Amino acid sequence: MNVGPKQIVGEELWRSVVWSAIGLLGWSLIISSTDRLDASAITVLGLPVATWSVLTLSMIGIRLATGMELKVETESGRYLMWFVGLVVGAFVVLWLILVQSQPWTLIAVYAAGSVLGTLVWRGYIERAT
């Protein structure tokens, strides 16, 4: 199914409700659990808005560049689930660093693991289809 850029942007703006919920939940858990981030207007409002905008623009860009629908009920929906998993994993890593005082090198480990896991997962998906 071929959809135009206007329809893609509209669909992704509706989907962005989920991204805003993930951002609000993730940042509220982190901010309320640590003294490393002050609960100011910038952190309480700015971080979720920044998360929402980055994720929404990323999804619009991915859809415009690839032409995939990225809907759960479609074949390309597995990529959407992969993307959601990476986002949730990033919040877990930030929580471990900011709340549990784990070392900042955990970000590099997460990034490397995400890349390696993605390559392995894509190979598995390609072999399965």
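This structure is a prediction, so every number in the text was calculated from the model and none was measured. (Residues numbered from 1 in each chain as written. Predicted model: local features only at pLDDT ≥ 70, side-chain atom pairs only at ≥ 80, totals over all residues. Heavy atoms only, no water.)

### A word on the overall build of the chain
- Along the backbone of the chain there are four helices and zero strands.
- Beginning at the N terminus, the succession of helices and strands in the chain can be written as α-α-α-α.
- Oriented by its inertia axes, the alpha-carbon framework of the chain measures out at about 50 × 35 × 20 Å.
- In the chain, which comprises 129 residues, the share counted as buried stands at 29%.
- Across the chain, every contact between residues at least 6 apart in sequence was considered, and the portion connecting residues at least 24 apart equals 64%.
- Taken as a whole, the chain presents about 8100 Å² of accessible surface, with 71% of it coming from carbon and sulfur.
- When the 8 basic and 8 acidic side-chain charges of the chain are each reduced to a single mean position, those positions are 5 Å apart. (Helix = DSSP H or I, 4+ residues; strand = E, 2+ residues; numbered from the N terminus. Buried < 20%, exposed > 50% of the residue type's maximum accessible area, 1.4 Å probe, protein only. Contact = heavy atoms within 4.5 Å. Areas by Shrake-Rupley, 256 points an atom, 1.4 Å probe, with all protein chains shown as cover. Lys, Arg positive; Asp, Glu negative; His and termini not counted. Charge placed at Lys NZ, Arg CZ, Asp CG, Glu CD.)

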